[in-house]
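A structural walkthrough
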Amino acid sequence: MIDEEITLKKLEVFLAFMRLNSLARVSDELGQSTVSIHRALHSLEQGLRCPLFRREGRNLAPLPAAYAFAKHAQRAVSETEEGVRKVRDLAGLNANRLKIGSLYSLTLRCIPQLLMGLKLRRPELQIDLTLGSNQQLLRSMDDGRLDAIVIGLQAPLDDPQLLSVPLFEDEVHLAAPLGSPYAGRAHADLRDLKGEKFITLNDGFVTSDSFDHAFRQAGYVPETIMRVSDIFSLINLVGGGMGYSLLPGRIAEFSTRVDLIPLDARYASRQAITLLFPRSRERDPNLLALAAECRMYRKEQRLGSV
């Protein structure tokens, strides 16, 4: 009889520890706390009724029993993964393809880094990338046309059917053509721009939501002369002197013709760049790999800002 304490999930944790030899590194890869990792290893020992590790200070050192068990555990996990793959193939689901949606403004750094890391984790994976607005991407994921999306959230998304992994936060700025009267200011007071003309994105984009949020804080509706359907056109129109806009800081590298000026704290608007995928697929190995890569990206961003 196999003790109920021995589960495939614990075997995956055990194998990750045997490969990485570090509770902290396993924690980063699997997105679990070190306490949870340690608890899983300890309960696995209890289920086996056999010690697998000895303590060396704060570290765990594998015993010969651990190396012996790892070979069998690897076969069990590999056989199960193969069984899952065959079942998904029979059901018409291709486990080697992942359909990801993203915002246009994330394609300079964030998305390429995530996809390169994901390919290193799962070289066999074929990735389809779809770009669009928040509204389009959420609808596509709800319809099953996308497996996961990376979008910006103006406010937390309260949906129990979705799992989220935050990547970073981005401040919204006043976007002005070079040489505007507001150039060089430490902060932009939106009330000073009451007579100016503005351009923004169509409804459904997070940057459009940020635009509306900031001007609600300022207490007036700006004169919007144009709405466009992609952020690159918007950047070019602002750079060409057609009007002003509010844009996230991440677009700074897309153009040298646009001056980004921080907003006064009274009108602060932030976008939380977040991975979302269905809770029903929380054990999907491709999505787990993507989530792990997102957590690594978030950690790198935090270290870079220190």
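None of these values were measured; they are calculated from a predicted model.

At a closest axis distance of 9 Å, the pairing of helix α1 (residues 8–20) and helix α3 (residues 34–48) adopts a crossing angle of 110°. With respect to α3, the element α1 is oriented roughly perpendicular. Contacts between α1 and α3 involve K10, L11, V13, F14 and F17 on the former and, on the latter, I37, A40, L41, S43 and L44. Grouping the amino acids of the contact of α1 with α3 by side-chain chemistry returns eight nonpolar, one polar and one charged.

The subject of this paragraph is the nonpolar core. Among the nonpolar cores identified, the biggest contains 34 residues, and L106, L114, L167, L275, F277 and L290 are the most heavily contacted of them. When residues in this core are grouped by element, the largest group, six residues, is from helix α9 (residues 285–305). Not counting residues up to four positions away in its chain, the partners in contact with F277 are M141, D147, A148, Q161, L162, L163, V165, E282, L287 and A291. V26, I37, L44 and V77 belong to the second largest nonpolar core, which has 22 residues in total.

Here A252 lies in the loop between β9 (245–248) and β10 (258–262). Among the residues examined, A252 registers a relative accessible area of 42% and is labelled partly exposed. For the pair A252 and A175, spaced 77 residues apart in sequence, the C-alpha to C-alpha distance is 9.5 Å.

It is worth spelling out the pattern of salt bridges at this point. It is possible for side chains bearing opposite charge to pair when their charged atoms get close. Taken as a whole and judged by the stated rule, the model has 20 salt bridges. R97 is paired through a salt bridge with D128; the nearest N and O atoms lie 2.9 Å apart. With R97 in strand β3 (residues 97–102) and D128 in strand β4 (residues 126–131), this residue pair connects regions lying 31 residues apart in the sequence. A salt bridge links D203 to R227; its shortest N-O distance comes to 3.7 Å. Pair noted here: D203 is in the loop between β7 (197–201) and α7 (206–218) and R227 is in strand β8 (residues 223–228), with a separation of 24 residues, a long-range link. Because the salt bridges share partners, they merge into one network encompassing D189, R191, D264 and R266.

Our next topic: the packing of aromatic side chains. Inspection of the entire model under this criterion finds twelve aromatic pairs. Residues F215 and Y220 carry aromatic rings whose centres are separated by 5.4 Å and whose planes lie at 80° to one another, so their mutual orientation is edge-to-face. Overall, the relative accessible area of 2% leaves F215 in the buried class. An aromatic cluster is present here, built from Y182, F198, F211, F215, Y220 and Y244 joined pairwise through their rings.

Note that β7 and β8 share five bridges and pair parallel. Looking at β8, one finds that L201 is bridged to V228. Note on the crossover from β7 through α7 to β8: the handedness is right-handed.

How each quantity is defined
- Residues numbered from 1 in each chain as written.
- Predicted model: local features only at pLDDT ≥ 70, side-chain atom pairs only at ≥ 80, totals over all residues.
- Heavy atoms only, no water.
- Axes fitted to C-alpha atoms, helices over the stretch in contact; angles between N-to-C directions.
- Helix = DSSP H or I, 4+ residues; strand = E, 2+ residues; numbered from the N terminus.
- Parallel < 35°, antiparallel > 145°, perpendicular 65-115°, else oblique.
- Contact = heavy atoms within 4.5 Å.
- Nonpolar A, V, L, I, M, F, W, Y, C, P; charged D, E, K, R; others polar.
- Core = buried A, V, L, I, M, F, W, Y, C linked by side-chain atoms within 4.5 Å.
- Buried < 20%, exposed > 50% of the residue type's maximum accessible area, 1.4 Å probe, protein only.
- Salt bridge = Lys/Arg side-chain N within 4 Å of Asp/Glu carboxyl O.
- Phe/Tyr/Trp six-rings, centres within 6.5 Å; stacked < 30°, edge-to-face > 60°.
- Pairing = 2+ DSSP bridges.
- Right-handed = clockwise from strand over helix to strand, strands pointing away.

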